[in-house]
Amino acid sequence: PSPAARSRTPVAAAPRARATPSPRQSGGRASAPAPARGARETRSASPSVRRDYKAPSPRQRPANFVPKRQKTVGDVRVSVGLQTLSLSNQYITGVEGLGVQGGMKTLYLQNNFLKHLDGFEPQPHMTELHLENNRLETFRGMSVQQHLERIWIKGNPISSHEYAKAMCLMAVGNALLRIDDEGIKPEVREQAFRFGPRAAEAVREGWLVDSIQRTDDEWDALIRELRAQNAAERDAERAAAAPQRRSLGSSPRVYGGG
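Residues numbered from 1 in each chain as written. Predicted model: local features only at pLDDT ≥ 70, side-chain atom pairs only at ≥ 80, totals over all residues. Heavy atoms only, no water.

## What about the sheet that holds strand E2 (residues 84-86)?
With mixed pairing, six strands are arranged side by side in an open sheet as E2-E3-E4-E5-E6-E7. The open sheet has two free edges, formed respectively by E2 and strand E7 (182-183), since each of these has just one partner strand. Here strand E4 (residues 128-130) runs beside strand E5 (residues 150-152); their pairing, made up of three bridges, is parallel. Paired with Glu128 across the strands is Arg150, a residue of E5. (Pairing = 2+ DSSP bridges. Helix = DSSP H or I, 4+ residues; strand = E, 2+ residues; numbered from the N terminus.)

## Overview of the packing of aromatic side chains
Each pair of aromatic rings is reported with the distance of its centres and the angle of its planes. Applying the stated criterion to the full structure yields three aromatic pairs. Between Tyr163 and Phe195, the ring centres sit 5.8 Å apart and the planes meet at 85°, which makes this aromatic pair edge-to-face. Here the residue Tyr163 occupies a position in the loop between E5 and helix H3 (164-172), and Phe195 occupies one in helix H4 (residues 186-195), the gap between them amounting to 32 residues. In this structure Phe195 comes out as partly exposed when scored by relative accessible area, which is 21%. Between Trp207 and Trp219, the aromatic rings sit 5.1 Å apart at their centres with planes inclined by 90°, giving edge-to-face as the arrangement. With Trp207 in the loop between helix H5 (197-204) and helix H6 (216-248) and Trp219 in helix H6, this pair connects stretches of sequence that are 12 residues apart. (Phe/Tyr/Trp six-rings, centres within 6.5 Å; stacked < 30°, edge-to-face > 60°. Buried < 20%, exposed > 50% of the residue type's maximum accessible area, 1.4 Å probe, protein only.)

## Focus on the environment of Arg234
Along the chain, the position of Arg234 falls in helix H6. For Arg234, a relative accessible area of 25% puts it in the partly exposed group. Between the C-alpha atom of Arg234 and that of Asp118, which follows or precedes it by 116 residues, the distance is 8.8 Å. Sequence-distant contacts of Arg234, defined by excluding residues within four places in its chain, comprise Asp118, Arg140 and Arg227. (Contact = heavy atoms within 4.5 Å.)

## A closer look at the nonpolar core
If you look at the biggest cluster of nonpolar residues, it comprises 46 residues, and the most contacted ones within it are Leu107, Phe120 and Ile151. The leading source of residues in this core is H3, at seven residues. Filtering out sequence-adjacent residues up to four positions away, Leu107 remains in contact with Leu85, Leu87, Leu98, Phe120, Met126, Glu128, Leu129 and His130. (Core = buried A, V, L, I, M, F, W, Y, C linked by side-chain atoms within 4.5 Å.)

## Structural notes on unusual backbone geometry
Even without being glycine, Asn89 reaches a positive phi, approximately 55°. Secondary-structure assignment places Asn89 in the loop between E2 and strand E3 (106-108). We classify Asn89 as partly exposed; its relative accessible area is 35%. Although it is not a glycine, Asn133 sits at a positive phi angle of roughly 60°. Mapped onto the fold, Asn133 is located in the loop between E4 and E5.

## Things to note about H3
When you tally the buried positions in H3, you get eight out of nine residues, the bulk of the element. Buried within H3 we find Ala164, Ala166, Met167, Cys168, Leu169, Met170, Ala171 and Val172. As for H3, its buried residues are in contact with E5, strand E6 (178-179), H4 and H5. Of the residues one or two after H3, Gly173 is the one with positive phi, at around 115°.

## Section: H5
Within the span of H5, buried status applies to Ala199, Ala200, Ala202 and Val203. All buried residues of H5 fall inside an arc of 160° around its axis, so they share one side. In the segment just after H5, Gly206 is the residue with positive phi, at about 105°. (Arc of directions from axis to C-beta.)

Right, here's the structure in full:
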């Protein structure tokens, strides 16, 4: 075709770009770009959902359930230097190997199989201790914790004892402010004070408080008897756990925090 004919051929108009509304036209808010085709749309939980969320409770185990082997804190990978140390739901039967955690302020040991607290050394900065839902029948092995303010013991056989809170206070020391998230009543402090330091020493050896009046010699005899009994039980536990530890090896399990 001639140049004149080509000039008369209609040219398809280019598609007009869609104008993006300004913030003023869209009510003061800029519209979010549309997701690409095939992209997965993500939505964050609403504030009400986040506020009402509750962590799932641990699975209920039968009362007669026994772990297949003895497992102490020393058998668990632990990073030192942490302010919060979580060892809950680990099937732990003993706290040996915990050592002294200088930076630890909160320790979670709930939902395990602790029957005693042998090897629980004084923790210089610990203010909160969770021991609920274990199998503690006494406070055997506990040491005085100079800065412990809160402790949880519910769900243990010891928690149903008439003097459970007084014994707890005697075992860990007078810095304690709350037991199972309840303030300590003045009469409980009075009970713990009235029993005296020899009774507190006996409680840390596994004694359960009674109303019998004792002389100093009788306290000495009682504490010696408790220590001998505890030593025999520890020897039996070590003998039972020895074959298991030989099969697992003896590699160290404590790691430095980064």
